[in-house]
Amino acid sequence: MDFILNLVQHPHVEKIVFLAFSGLIIRQSLVTTGQRWANTYHHLGSYTLLPCIALIITSIIKDDIALSLGMIGALSIVRFRTPVKSPFELVLFFALITLGIVCSVSFMLSFLLSIMVVVVIFGIKLLDILLSKKGFNIFEYSFGDGNLTYTIEVNSKKEIEDFKNKDNLISIFSDKENNSFSYRFVFKSRTDLLEFENKINDNSDILNIRADMQS
């Protein structure tokens, strides 16, 4: 009980909350102004975690030159020698190294950072589930995120205007001369894909449907 109380009252808790919120505001500002590259799950996680990781790092190394040089060397190895698929993967590598180094100096700070990482990972997923039920998306799906994808390709003999209004439409091919039209959609889960397929199965304009489920 005393440990939990000390954790909540730790002076870095307020700073971590502020930095995480600031990162979210900056990311949302980019999305609002049309910077679609920032509107992915991995950028959302990166903008939330990276300021907090930087705070923990500087809190530990600010008075120790040897430790600061060691931290720079460790992070350089991750950046230049480890192949990464996304900014979020790189941020998590930084977080894991920071946890190990910080724990040797301050167990409390290391514990705070580990909680922050877990809360962000599960928090984004939970928020996405809750808002999706109300028709809102906090991020767009990206093939560059390194996630399994669920895609469906629909070929039709006529243009289907309703398909063009779908947020998860990622490509359109139109051949009006031969009356051939192709639409490709991406989904976050197998269930969403199957539900969509069931809804469009009765459409007489659809020639064929091809679903790709990688899990």
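Presented here is an overview of the structure given in this document. Remember, it's a predicted structure, so these values are computed and weren't measured experimentally.

For the structure shown, the criterion picks out 3 salt bridges. Glu159 is the salt-bridge partner of Lys164, the closest N and O atoms lying 2.9 Å from each other. Judged by its relative accessible area of 32%, Glu159 falls in the partly exposed class. Its salt-bridge partner being Lys166, residue Asp162 comes within 3.9 Å of it at the nearest N-O pair. The class for Lys166 is partly exposed, based on a relative accessible area of 32%.

This part covers the nonpolar core. Membership of the largest hydrophobic core comes to 26 residues, with the highest contact counts inside it found for Ile16, Leu49, Ile53, Met116 and Ile124. Mapped by element, the contributors of at least two residues to this core are helix H2 (11-32), helix H3 (41-61), helix H5 (87-103) and helix H6 (107-132). The leading source of residues in this core is H3, at 10 residues. In this structure Ile16 touches Cys52, Leu55, Ile56, Leu112 and Met116, once residues within four positions along its chain are discounted. The next biggest cluster of nonpolar side chains, apart from the first, holds 14 residues, and it includes Phe181, Phe187, Phe196 and Ile206.

Another aspect to go through is the sheet that holds strand E2 (residues 169-175). Ordered by their spatial adjacency, 4 strands build an open sheet running E2-E3-E1-E4, and the pairing between neighbours is antiparallel. The sheet terminates laterally at E2 and strand E4 (206-213), the two strands that pair on one side only. Between one strand and the next, the sheet's axes are offset by a mean angle of 10°, whatever the strand orientation. Inspection of the sheet shows strand E1 (residues 150-156) paired to strand E3 (residues 180-187) by 7 bridges, in the antiparallel sense.

Inspection of the secondary structure puts Phe187 in strand E3. According to the relative accessible area criterion, Phe187 is buried, its value standing at 7%. The sequence separation of Phe187 and Leu169 amounts to 18 residues, and the corresponding C-alpha distance is 9.3 Å.

Contact geometry for H2 and H6: axes closest at 11 Å, N-to-C directions at 30°. One way to sum up the angle between H2 and H6 is to call them roughly parallel. At the point where H2 passes H6, the crossing takes the right-handed sense. Within the contact between the two elements, H2 uses His12, Val13, Ile16 and Ala20 and H6 uses Leu109, Leu112 and Met116. In the contact of H2 with H6, the residues fall into 6 nonpolar, 1 polar and no charged.

Thresholds applied
For every chain, the first residue of the written sequence is number 1, and numbering continues from 1 along that sequence. Only residues with pLDDT of 70 or above have their local features reported here, since the model is predicted, and side-chain atom pairs are shown and tallied only from 80 upward, although totals for entire chains, interfaces and linings are computed over all residues. Note that the side-chain values use all heavy atoms of the structure and ignore hydrogens as well as water. We define a salt bridge as a contact between a side-chain nitrogen of Lys or Arg and a carboxyl oxygen of Asp or Glu at a distance within 4 Å. The buried label applies to any residue whose accessible area, calculated with a 1.4 Å probe on protein chains only, is under 20% of its type's maximum; exposed applies above 50%, and partly exposed to all values in between. Side-chain atoms within 4.5 Å are what join buried Ala, Val, Leu, Ile, Met, Phe, Trp, Tyr and Cys residues into a set we call a nonpolar core. The way it works is that DSSP assigns letters per residue, a run of H or I at least four long becomes a helix, a run of E at least two long becomes a strand, and they are numbered from the N terminus. Should any heavy atoms of two residues lie within 4.5 Å, those residues are considered in contact. The rule for pairing is simple: two strands pair if DSSP sees at least two bridges between them. Note on geometry: axes are C-alpha line fits, over the in-contact stretch for helices, and angles between N-to-C directions span 0 to 180 degrees. Any angle that falls under 35 degrees is termed roughly parallel, while one over 145 is termed roughly antiparallel, one within 65 to 115 roughly perpendicular, and all others oblique. Less than a right angle of anticlockwise turn of the near helix away from the far helix marks a crossing as left-handed, whereas a clockwise turn marks it as right-handed. Gly is put with the polar residues, along with every residue not named as nonpolar or charged; the nonpolar set is Ala, Val, Leu, Ile, Met, Phe, Trp, Tyr, Cys and Pro, and the charged set is Asp, Glu, Lys and Arg.

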